[in-house]
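Residues per chain, in single letters:
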Amino acid sequence: MTGPLTLRQKQSKFALMFAALLHQTDIMGYSVTLGEGYRSPEEAQRLAGLGKGIVNSLHCLRMAHDINLFKEGAYLTKSEDYEPLGIWWESQGGSWGGRFTRQDGNHFSLEHDNRK
Ligand SMILES: [Zn+2]
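First, a word on what this report is: a plain description of the structure on this page.

Cut-offs applied
Residues numbered from 1 in each chain as written. Predicted model: local features only at pLDDT ≥ 70, side-chain atom pairs only at ≥ 80, totals over all residues. Heavy atoms only, no water. Helix = DSSP H or I, 4+ residues; strand = E, 2+ residues; numbered from the N terminus. Rg over C-alpha atoms; globule rule 2.2 N^0.38 Å. Buried < 20%, exposed > 50% of the residue type's maximum accessible area, 1.4 Å probe, protein only. Contact = heavy atoms within 4.5 Å. Core = buried A, V, L, I, M, F, W, Y, C linked by side-chain atoms within 4.5 Å. Pairing = 2+ DSSP bridges.

What follows covers the overall build of the protein. Tallying secondary structure elements over the protein gives three helices and five strands in all. Going residue by residue from the N terminus, the α and β elements of the protein occur as α-β-α-β-β-α-β-β. At 14 Å, the protein has a C-alpha radius of gyration in line with the 13 Å of a compact globule built from 116 residues. Reported as C-alpha extents along the three principal axes, the dimensions of the protein are approximately 40 × 40 × 20 Å. Evaluated residue by residue, the protein yields a buried proportion of 37% over its 116 residues. Once local pairs closer than 6 in sequence are excluded, the contacts in the protein between residues at least 24 apart make up 59%.

As structure tokens, this is what we get:
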């Protein structure tokens, strides 16, 4: 197979990368629950109007997923709490929301069309 991956192929690549991310949370001693995955365009529009997220969210393309981390029973709410996992995710080729101007530490995505 040659050439760049299509969006459809990247969606499957992201799904498998995300499975590895979930496993990695366990290896790193966190507990994890699932946050938002797919987001409809209508919901992205609504959230953007509230200053949360962007209209062109990768969630709408099934190329981003949010997670909730816990350590020793405590829910981790700060972006920096997610940095060790974010660094690991970046080492796998993913994009981590903790790097955004408006930090979004629990957001993990695979870049597509210069979107993260
Ligand atoms: Zn997100």
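Now that the structure has been shown, we can carry on.
As a further point, take the nonpolar core. Within the largest apolar cluster, 19 residues are counted, with the highest numbers of intra-cluster contacts made by Leu21, Ile67, Leu69, Tyr82, Trp89 and Phe108. Put simply, the parts of the chain that give this core at least two residues each are helix H1 (7–27), strand S2 (64–71) and helix H3 (83–91). Broken down by element, this core gets its largest block of residues, four residues, from H1.

In this section: the pairing of S2. Summarising burial for S2: six of the eight residues are buried, a large majority. Two elements, strand S1 (residues 31–34) and S2, share four bridges in a ladder whose sense is antiparallel. Bridged to Leu34 within S2 is Ile67. With three bridges connecting them, S2 and strand S5 (residues 107–109) associate as antiparallel partners.

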